[in-house]
Each structure stands twice: as C-alpha cells, then as structure tokens.
Amino acid sequence: MRGGFWPLRDLPAALWLVAVVVVAAVHPFVAVPGWLLIHLLLLGAVTHSIVVWSNHFAETLLHAPTGPGERRRQSWRLVLLNGGALLVVVGVPSQVWGLTLTGACLVAAAVGWHGASLVHRLRRALPSRFRPLVRYYVAAAACLPVGAGLGATLARGLADPLHDRVALAHVAVNVLGWMGLTVVGTLVTLWPTMLRTRMAEGAERAAYRALPLLLGAVAVAAAGALAGLALLAAAGVLGYLGGLALVGRAFVATARAKPPTSYPTWSVLAAAAWLAATLIVLVVAVAAAPSWAAVGTRLDALAVPLAAGFGAQVLLGALSYLIPVVLGGGPAAVRAANAEFERAGALRITLVNGGLLLCVLPVPSLVRVLCSVLVLVGLAGFLPLAFRGMRASRRAKADPPPRPRGDRSGPDPRATGRARGGPAVGLAALVLAVTAGVAADPAALVARTATATAPGTGETTRVAVQAVGMRFVPSRIEVPAGNRLVIDLTNTDDRQVHDLVLDTGQASGRLSPGGSATVDAGVVGGAVSGWCSIVGHRQMGMVLDIAVTGSPAARPDPGAAGAARPVTAAGDLDFLAEPGPGFTAHDPALPPLPSGTVHRRTFTVRELDREVAPGVSQRLWTFDGAAPGPTLHGRVGDTFEITLVNGGSIGHSIDFHAGSLAPDQPMRTIAPGESLVYRFTATHAGAWMYHCSSMPMSAHIANGMFGAVVIDPPGLPTVDRSYVLVQSELYLGPQHGTVDVDGLRAERPDAVVFNGYANQYDHRPLTARVGERVRIWVLDAGPDRATAFHVVGGQFDTVYAEGGYRLRPDTGDGGSQALALGPSQGGFVELSFPEAGHYPFVSHSMVDAERGAHGIVAVTG
C-alpha cells in the first residue's frame, strides 16, 4: 500500500481489536457485552479493514493507482465510517436510539460512497483479467447500507417474532453480503498468493459465475426472513452455500496442490471451514424451527462461530500475511516480520478452533467460560505479535542480514519448526480447561447428562401452556421419561410481555400479548425447571415445573433454602466514598410554576445504566432518563396531559396519585413501542407520587420508575428557596443489572437514598443563607420504607402533610422536629437557619440515614 504511514488507514483496525480485548476482560460490568463484542469486531475492525483493503485490491486489480484527491476522499470515508461505528457501539448499550440511528446512517453513507468510488474506477479502467472481481466489492458495498438500516431498526426495539425475522435478515445482508462477498472476491487471488503457488485452473471464471448466485441468495434469504417465510430464508442460505461450493472447488484444489504450512493460511482455512459449517447448521435450524422464536435462539447460538470462527480468523489470517508484505523493505525485512507473525501459530490455531468447538457443544457453563478465555488468548496474541513484526521489519531494514540462498521471503523454517509442539500444548490446555470446569461444577455435567443421554422412547408429549396473570397454566407438566416434550406457549395476558426459559437452555423468546411460540424441550430424562425471565415475574410465582414419571431423577430447586443468593453490587457499596470528578447531583430545586392551566408533557420510558452510589451502577427503568423522574409543579385546578411512550423492552405504565379517575385505561400496561395519553386534573393540593403500576409493581418502582407532582396549596406563601427530596430504596442487582427482586421481597434494602443516589447531597449540598425562608418538599416513594425527615440543628415552624397543615407559625409557639411519612405519602416543612454552618438532613430512621438517606444544607452568612 502506497503513501507510507497513514493513521486514518492504519490505526483504527488495531484500536477496534484492542477494544474487543478490553471489553472481553471487563464484560461482567458492561451492558449487552455479547452484542458489543460482536460489533466491535465485525462493525469496527472487520468493516474498517474491508473498506481499506478492498480499496487497495481494487487499485491493484484495475492497475489504476489513486491520486491525492482520492486519498483525501478515502480519509473522509474512513472518518465517517469509524465515527459512525463508534456512535453505534455507544448508542445501543446506552439505549439512545438517536445516536444509534445517526451512527448507522454515517456507516451506510461511508460504505455507499466507497461503493460509488469503486464503480467509478471500474468504469474508467482498461480491460484486464481480474477486473470483474472488483464487482464483488461493489456488490458487498451495496449490501451494508441495507444491513445498517436493519440494525438500526432492531435497536429501536421490535416485538417477537418480528425481531427474530429482522435479525436473520440483518445477519444475511451483513455477514453473507458485506463480509462474505468481500472475502470470496479477495481470496480468489489472495489464497494462491498466500500459499505461494499458481491459481487453480478456471478459478476466476468460477468466481464470475458465482457472484450472481451469491448475491441473489443473500437477497432471497433476507426477503424470506422479513416476509416470515422460513423455508424461503433457508433456501436463500442453501443457495449461498451453492455459490460457495462453486468457488470453493478452486480454493480446495489450490490447497491440495500446496497445503497450508503457516499461521495465516491455516487461519484463513479454518475461517472458511467455520463459515461453511455454520451455514449448514443455519439452513437446518431455519428450515426445521417450529417458530421464529426458535430461529432467534438458534441464530444467537451461531453468532460466536460466525464472529470469532469466521470473521476474526479470516481478518487475522489475512492481516498476518499482508502486513509484512506491505511493510516491504526487501526479502530480509519481510522474512523478519513473517517470523514474528508466525510465533506460536500452531498453538493459537489449536486454542481458537478447539476452544470454539467446545463452546458450541453442550458443555457445562464453567467449561464454556474457560474455553472462551483460551479462544480470546489465541486471538488476542495477534496484537503483540503485530507490534513485534513491525519492529522486526524496521530493524531488518536498518541492518539487513545476509539473504539465505533460494529465499523467497516466506516464513522462517526455524520458526515453523519451533511451533510443531503447539498443537499438543493447545490440546493440553483445552483438556485442562474441561477438567477444571467439570471438577468445579460436577452437578452441571450430571444435570446435562440426565437429559441429553436419556434413552428416547420415540414418543412425543405435546402440552399447551398459557402465560396469564403472573402464572403458567398449567404450572406443572408430567412427562414419561424418555419422551420428547413440546410446549405450545401462548401469552393470553392482555397487557404483559412474557416468555418461558427452561434450565436446559431452550427459550420461547419474549411474547407480546396474544403472541405464541413453540418450545421444543427435547428428550426429557430428568426434572426441568422453567420460568418467565421478565424482571420480577419469576419471583411472583411465574414458574413451570416439568416432572418425569417413571424416573427418580430430580434437579435441586434453585429457590430452595440454602441456595446461594445471586452476586449483587451490594458488596461494592462504600457510603464514605466520594463520587467521581464528573458527578452531577440530581437537581433538588422545585421547578417554577408554569404559565397557564393546561400542562402537556411527554414521558419516555428509557432503560439506562446509571450510577446510584460511588462505583455502583444499575440498569434502571426510568421516566425520561432519570430516577426519580421529572417533578411536575402546578396549582389546584390545573390539568396535566402526559403522553407516555414506552421506549423500554418490557411493558410499563404510569399512575398519577394527583388525579382521580378510573384506572382501567390510563393506567394500563403498554407494550414496548406503544404510547398512551394520561389526562388528569389536580383537584387537591399536596406532594403526590407517580409511578409505574405494572406488575410486579414493587420491582418497577424499586428499579427507578417513580417521581413527584407538587400541587401548591391555595395561598401558599412565597419563600426564598424551595427544594424537593424523594426518598426511595435501592435493592441492588449485579453491577449494571436490574433490581434484586429476592432482596426486595425479603425487604432487605441495600441503601435508602434521596433523589436516587446515596449521600449525594453530602458532596453537593443544598444551599441557603442565614435568615432565609426555606421550604423542603418531601415524598416517600418507597416502595416499602417509611421516613422521618429531620434537619439536624434545625426546627420546623411549618409542617404540611398529606393535604393539610399540621403546624403553622401563626398557631402558637409550637415547633416540629420531624416529618413522618409512609410509602407514597408527601408533604413539606419550612424553617430558617439561625447561623452559618452545615446542617445535615436525614431520615431519622437511623439505619436508613447510615445507608444513604443523608445530605447537608450548607448555610452561609
């Protein structure tokens, strides 16, 4: 590649790969880690490399070097591409669809521009032998904008089964179209070059004939998926396999003539094998799936083989060959770089492919984790070796060693020899991982074996199950040992989203009201547990027991006494810790009264990662991105018209205590993507709560779905400062997880907080001046704990609770020390501060004050 070091061209792929390694290392603390890893690799590293290298190969095949103007345009394309990819990988985990959509548009624009540039050069180029191969790159570039649009649609949120259909189309267009066509078109010439042999007879002609078949197959597979025609989608994937077979004959013939001996060639060969094997499995999975939910589940299982087995290995194999070549510097420099890229090549190939094979087999989860680590090590080894290879090339250029007779700048034979023990070491590491995983969790192997090895009777038990009212009906199924069990699940609930997950791994996918799915549990040889995985539904009793008759096999009840409680973020709580330097406290100031008597607002439900204490983050469900949600302020007689938009992934609702009306319609649960209008008139004054009323209500409130409505009593005097404090409890799930429903049901809060964050006003105090009149509105959002609001060093001369004054300055010399409120109750207190200082405010239930319900009013003279 010409032009020397070019940061926009040469650095992003490496940075994306580093990001893959970092996210893999910290994945328990990252939102949607599986999605993120796949897209950092495929959307980031692979897509950038495709744009760069297809541009380079087009230039070579067309014998048309680009000038400075094209280089500038290429730089802008790469800026758009990587900027867009960055927005996507930030937008999806944070659930900011605007970012995701903008990123997808930038990626589509960059690749579309890249394709138009290729078409322009193709038309201007003189006829040549390999000129038609550039059409592969043009066809691939036409696919990605479509795939980006499908991906943005998925990120917006779709109900099953449409989500699973769009996901399959997304994979067909992006993996088979954008990636697959580029790889096939490139390997026609690159594969024999890597093997240092002649191209097989007729290879380019087979490639020309295969392109229409491959591109048509992508279109058929995507169209079949979008139309809900599973057999048509499977036929499209099968047609794609036919196109690969047409090209693959020359690929195999070349490998037979000159077998692979180096890491790059083995890596590319393994990638091709994973692609073919995965597509064969996909054809069967789609054609035989009883429902689109089953297609989605099987597609999820194939994501890792496609991404790591095919995408990562073809990228790293090609780069391991191309980087030494483009670094140049003569045979000595190429040989030195090759020797570094070849280090531990056989070991890396064994770890990656053996580990992936074990990961796709029905092994215990701990074995899968250990094998995944070995796969990551095998792939991540490329990064330090790439650095070493570039350094070795630079040194060889500065001080070239004598060139051995007959040298052709291939891999160092001595390096290859040192790698001969690599497969044995790799296999030993894999055996050790399996042994350690089984030894650490033998029960998992026994449980899988009981079902997987049960002798089949050849009979099928088919049961219809309804999901309704937080129950499965029936909630218990009896199956003769060895029978195949098929569950026809229907969500007959009129408002709630439900699903069914079995502890053997099968799942229905999420079902909107009225939706149905078929769950094939396979041959049943032991007791199986099932549940609804929507947060809180399992704890409310939405479980399914599958019992085996004629067999004593039984699984331990995961909810039985003595079962380990899931790991939560409670251990990370440090109530004395300082928030980070970028911390911004929830604004406690009461919003000013709006003009007019009709107030219209839109509340959008958003699921976001938010810090709730220093170093502790939770996946909160929120109204408009904050917990508590926006504070509404009005007068008696004002009308509020609130449009609720459900941008979450499950059903939600809203209930305003400040209005009196029949709850049937305005408080109904709405599915993701739906909206409703809630209109009420404030007929009474007070500090009123609003919250999500979807079941389980306690979980929805505890996970952030609450807020305050302040309706001023008539004639309320003006004060110098007004604040709003909403007390609530935190029942911490795992880091970046949702509420711990078990802790909630046991009434074991991990923290009690004002305005959603532990002790936040210790670090960002409320402010006042000596002698000022200060009004503090307090709402106890619960869901379970009462409060006794108290200001240390202060006395209240005005107390207002639940719609009436308990104390006023003109009623005598009495005072108050605390405002007592139960869950969902509210009121306000007023006081003046006699001198400058720091006045703590707390819930005088002291155990709560010591676990986060604490703040400070900083008073100046």
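Every value quoted in this text rests on a predicted model; they were computed, and no experiment measured them. (Residues numbered from 1 in each chain as written. Predicted model: local features only at pLDDT ≥ 70, side-chain atom pairs only at ≥ 80, totals over all residues. Heavy atoms only, no water.)

Visitor: So what exactly am I meant to see when it comes to the overall build of the protein here?
Guide: Regarding its fold elements, the protein presents 22 helices and 27 strands. Against the compact-globule benchmark of 29 Å for 861 residues, the protein has a radius of gyration of 32 Å, which places it among compact chains. A principal-axis box enclosing the C-alpha atoms of the protein has dimensions of 110 × 70 × 50 Å. Taking contacts inside the protein between residues at least 6 apart in sequence as the whole, the part at least 24 apart equals 75%. On the protein, roughly 35900 Å² of surface is accessible, and the fraction owed to carbon and sulfur atoms is 61%. Mean positive and mean negative side-chain charge positions of the protein (66 and 56 charges, respectively) differ by 20 Å. (Helix = DSSP H or I, 4+ residues; strand = E, 2+ residues; numbered from the N terminus. Rg over C-alpha atoms; globule rule 2.2 N^0.38 Å. Contact = heavy atoms within 4.5 Å. Areas by Shrake-Rupley, 256 points an atom, 1.4 Å probe, with all protein chains shown as cover. Lys, Arg positive; Asp, Glu negative; His and termini not counted. Charge placed at Lys NZ, Arg CZ, Asp CG, Glu CD.)

Visitor: Even after reading the chapter, I still don't get the pattern of salt bridges, so can you show me in this structure?
Guide: Opposite charge on two side chains makes pairing possible when the charged atoms of those side chains draw close. Taken as a whole and assessed by the stated rule, the structure comprises 18 salt bridges. The closest approach of N and O atoms between E830 and R773, which form a salt bridge, is 3.0 Å. Within this pair, whereas E830 is found in strand β25 (residues 826–831), its partner R773 is found in the loop between β19 (766–769) and β20 (774–782), the two being separated by 57 residues in sequence. Where R785 meets D848, a salt bridge forms, and the shortest distance between an N and an O atom there is 3.0 Å. In this pair, R785 is assigned in the loop between β20 and β21 (787–791) and D848 in helix α22 (residues 846–849), connecting sequence segments 63 residues apart. For R785, a relative accessible area of 26% puts it in the partly exposed group. (Salt bridge = Lys/Arg side-chain N within 4 Å of Asp/Glu carboxyl O. Buried < 20%, exposed > 50% of the residue type's maximum accessible area, 1.4 Å probe, protein only.)

Visitor: Got a minute to help me understand the packing of aromatic side chains in this structure?
Guide: Counted according to the given criterion, the structure contains 23 aromatic pairs. Look at F754 and F841: their rings are 5.6 Å apart centre to centre, the planes differ by 50 degrees, and that puts the pair in the tilted class. Of the two residues, F754 is situated in strand β18 (residues 751–754) and F841 in strand β26 (residues 837–843); the sequence distance between them amounts to 87 residues. Accessibility classification places F754 together with F841 in one group, the buried group. Counting every residue linked through ring pairs, the aromatic cluster contains F603, F623, F640, F656, Y678, F680 and Y690. (Phe/Tyr/Trp six-rings, centres within 6.5 Å; stacked < 30°, edge-to-face > 60°.)

Visitor: I tried to follow helix α7 (residues 162–195) on my own but got confused; where do I start?
Guide: Because each turn of an α-helix spans 3.6 residues, side chains separated by three or four positions end up pointing in the same direction. At L187, α7 is bent by approximately 50 degrees, the largest bend along its length. Counted residue by residue, α7 has 31 buried out of 34 residues, so it is predominantly covered. Immediately beyond the C-terminal end of α7, within one or two residues, lies R196, with a positive phi of roughly 55 degrees. (Bend = angle between axes of the 7 residues up to and from the residue.)

Visitor: What is the right way to read the sheet that holds strand β10 (residues 616–623) from this model?
Guide: Strand pairing in a sheet relies on backbone hydrogen bonds. The paired strands run either parallel or antiparallel. Strand order in the open sheet made by the four strands is β10-β9-β12-β14, with mixed pairing throughout. Edge positions in the sheet fall to β10 and β14 (675–681), since each of these pairs with one other strand and no more. The mean inter-strand angle of the sheet, taken between neighbouring strand axes irrespective of direction, is 25 degrees. (Pairing = 2+ DSSP bridges. Axes fitted to C-alpha atoms, helices over the stretch in contact; angles between N-to-C directions.)

Visitor: Help me understand the sheet that holds β21, please; the structure alone is not making it clear to me.
Guide: With mixed pairing, the five strands of this open sheet are ordered in space as β19-β27-β26-β21-β24. In the strand order of this sheet, the two ends are held by β19 and β24 (819–821), each with one partner. Neighbour-to-neighbour, the strand axes of the sheet open up by a mean angle of 20 degrees, direction not taken into account. One ladder, built from three bridges, connects β21 with β24; its direction is antiparallel. If you follow T787 over to β24, its bridge partner there is L821.

Visitor: Just to check I follow, could you spell out a nonpolar patch on the surface for this structure?
Guide: On the surface, L8, W76, V79 and W113 cluster together to form a nonpolar patch covering roughly 390 Å² of accessible area. Residue position: V79 is located in helix α4 (residues 68–94). Among the residues examined, V79 registers a relative accessible area of 38% and is labelled partly exposed. (Patch = residues over 30% accessible without salt bridge, like charges linked within 9 Å, V, L, I, M, F, W, Y side chains within 5 Å.)

Visitor: Would you take a moment to explain the environment of H537 for this structure?
Guide: Counting through the fold element by element, H537 comes out in the loop between β7 (528–531) and β8 (543–549). Take H537: its relative accessible area is 1%, and that puts it in the buried class. Here the alpha-carbon distance between H537 and V373, two residues 164 residues apart in the chain, equals 33 Å. Every residue in contact with H537, bar those within four places of it in the chain, is listed here: M470, Q496, V497, H498, C532, M542, M695 and P696. A distance of 3.2 Å separates a polar atom in the side chain of H537 from a polar atom in the side chain of H498. (Polar contact = N/O pair within 3.5 Å; in protein donor to acceptor, adjacent residues only side chain to side chain.)

Visitor: In this structure, what is going on with the pairing of β20? I would like to understand it.
Guide: Regular strands show a simple pattern: their side chains alternate between the two faces of the sheet. Judged by how many residues are buried, β20 sits mostly within the fold: nine of nine residues are covered. What you see with β20 is no split at all: V774, I776, V778, D780 and G782 on one side and R775, W777, L779 and A781 on the other are buried throughout. Sheet topology note: the strand β17 (residues 721–730)/β20 ladder contains eight bridges and is parallel. Among the inter-strand pairings, L725 is bridged to a residue of β20, identified as V778. Judged from the six bridges that link them, β20 and β25 form a sheet pairing that is antiparallel. Across the sheet, L779 pairs through a bridge with G826, a residue of β25.

Visitor: Quick question: what am I supposed to make of the nonpolar core here?
Guide: Within soluble globular proteins, side chains that are nonpolar tend to cluster in buried spots. Grouped together as the largest cluster of nonpolar side chains are 117 residues, with contacts concentrated most on Y136, L168, W178 and L279. The element contributing the most residues to this core is α7, with 20 residues. Sequence-distant contacts of Y136, defined by excluding residues within four places in its chain, comprise L181, V184, G185, A207, A210, L211, L214 and V247. Within the second largest apolar cluster, 71 residues are counted, among which are F472, F656, M667 and Y731. (Core = buried A, V, L, I, M, F, W, Y, C linked by side-chain atoms within 4.5 Å.)

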